[in-house]
Amino acid sequence: MSCDSQSSESVPRESAINVVNLKKSVITQEGELTILDGINLHVKPGQSVAILGPSGSGKSTLLGLLAALDTPSSGEIWLDGVALSDLNEEQKASLRKQKVSFIFQSFMLVDTLTALENVMLPAELAGVRQAREKAQQMLERVGLSHRLTHLPKQLSGGEQQRVAIARAFICEPKVLFADEPTGNLDAANGHKIADMLFALNQESDTTLVLVTHDMQLARRCQRQLLMESGHLSEPEHSNAQAPEAGSQDCSETERAGPKAVTAADDGAMPTRESGTWN
Ligand SMILES: Nc1ncnc2c1ncn2[C@@H]1O[C@H](COP(=O)(O)OP(=O)(O)OP(=O)(O)O)[C@@H](O)[C@H]1O
Ligand SMILES: [Mg+2]
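- The chain carries the name ABC transporter ATP-binding protein in an unreviewed UniProt entry, which gives Shewanella salipaludis as its organism.
- Of the comments in the UniProt record for the chain, the one headed Sequence similarities (unreviewed entry) reads "Belongs to the ABC transporter superfamily. Macrolide exporter (TC 3.A.1.122) family."

Here is the structure:
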């Protein structure tokens, strides 16, 4: 089942995500702060990509931009063939509803809704029939069938994270962005959630982009990228020439250090000029 209840006007391309010379700066009291400094990235449909890197290096900022939740200072992002700079806020919201799910580092559950209602929400907004039953199934899958009527404040951090994960999965998105999806979970639940992420990746051909500090989780992805001070690079042993989109569990061998390349794999980048956004 999909939450894509609208017809898409996107141009079909061979990439799920294309990023060209993406920059993000903000004005602070100390002056201009450059958070992302020229990011290039190409992700094929169905690929799984982990972004690693120190705290404060710009990982969450990049994820927010890729998911059309934030606006870059310059550069271009194509999501499933659609140039985000061509869209107004309403169109971006529509694109997100059709194609994207996001697991936030801070969960972002609605405080006044129960676990079940939080998971139902995106499916109801997309007009999915039997949203309640589907939400119940998703919560069972993350081990929370005994917490359906709890409000977020009545749930532990790990339980809230699992509700957020169930909510992200309910629409079987084309692209799933996950910001430290196992950050608050114990090892057993972390494994279970990781298994779910890769099951979705394989069953629905969902493209996965996840930020994590967990090397075990990162190594299950086809590619591992490193963010450092607003620059993204790809270690030589990252499986950029992925055997097949949707395959998983890359080698456990040690990764070499990053090479100074920000473009990701063999796909041609679009040549559209970078523009400054509002
Ligand atoms: N709106 C903003 N205004 C000022 N500074 C910001 C803003 N957004 C992000 N930053 C700064 O940009 C840097 C990158 O933030 P970001 O949240 O992307 O880091 P991160 O790599 O996700 O870190 P973590 O691993 O701790 O989650 C941080 O130093 C943060 O303080
Ligand atoms: Mg972060």
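**So, the nonpolar core**
Here's step 1: If you look at the biggest cluster of nonpolar residues, it comprises 70 residues, and the most contacted ones within it are Val119, Phe177 and Val209.
Here's step 2: Among all residues touching Val209, those that are not within four sequence positions of it are Val43, Val49, Ile51, Leu63, Leu66, Val175 and Phe177.

**Quick look at the sheet that holds strand 1 (residues 17–28)**
Here's step 1: One open sheet holds the four strands; their spatial order is 2-1-4-5, and the pairing between them is antiparallel. Each edge of the open sheet carries a strand with a single partner, namely strand 2 (31–43) and strand 5 (82–83).
Here's step 2: Where strand 4 (residues 74–79) lies against strand 5, two bridges are found, and the strand directions are antiparallel. For Leu79, the partnering residue across the bridge sits in strand 5 and is Val82.

**Section: the site of ligand 1**
Here's step 1: Taken together, 13 residues are adjacent to ligand 1, and Ser55, Gly56, Lys59, Ser60 and Thr61 come closest.
Here's step 2: Counting only elements with at least two residues in the shell around ligand 1, the list comes to strand 1, strand 2 and helix 1 (59–66).
Here's step 3: No other element matches the three residues that helix 1 contributes to the shell around ligand 1.
Here's step 4: Grouping the constituent residues of the shell around ligand 1 by class yields three nonpolar, nine polar and one charged.

Rules used in this analysis
Residue indices follow the written sequence of each chain, beginning from 1 at its first position. As a convention, the first chain written is A and the first ligand written is 1, with the rest following in written order. The predicted origin of the model limits local features to residues at a pLDDT of at least 70 and limits the giving and counting of side-chain atom pairs to 80 or more, whereas totals for whole chains, interfaces and linings rest on all residues. UniProt positions are given in the numbering used here, feature names are shortened, and annotations may be inferred rather than shown by experiment. Nonpolar core, as used here: buried Ala, Val, Leu, Ile, Met, Phe, Trp, Tyr and Cys residues forming one set through C-beta atoms within 7 Å. Residues with at least 20 neighbouring C-beta atoms inside 10 Å of their own are called buried, those with 12 or fewer are called exposed, and the rest are partly exposed, where every C-beta is derived from the backbone. Residues are defined as contacting one another if the C-beta atoms placed from their backbone atoms lie within 7 Å. Whether two strands pair comes down to DSSP finding at least two bridges between them. A run of DSSP states H or I qualifies as a helix once it reaches four residues; a run of E qualifies as a strand once it reaches two. Both are numbered from the N-terminal end. The criterion for a residue being near a molecule or strand is a backbone-placed C-beta atom within 6 Å of that molecule or strand. Residue classes follow a fixed rule: Ala, Val, Leu, Ile, Met, Phe, Trp, Tyr, Cys and Pro count as nonpolar, while Asp, Glu, Lys and Arg count as charged, and any other residue, Gly among them, counts as polar.

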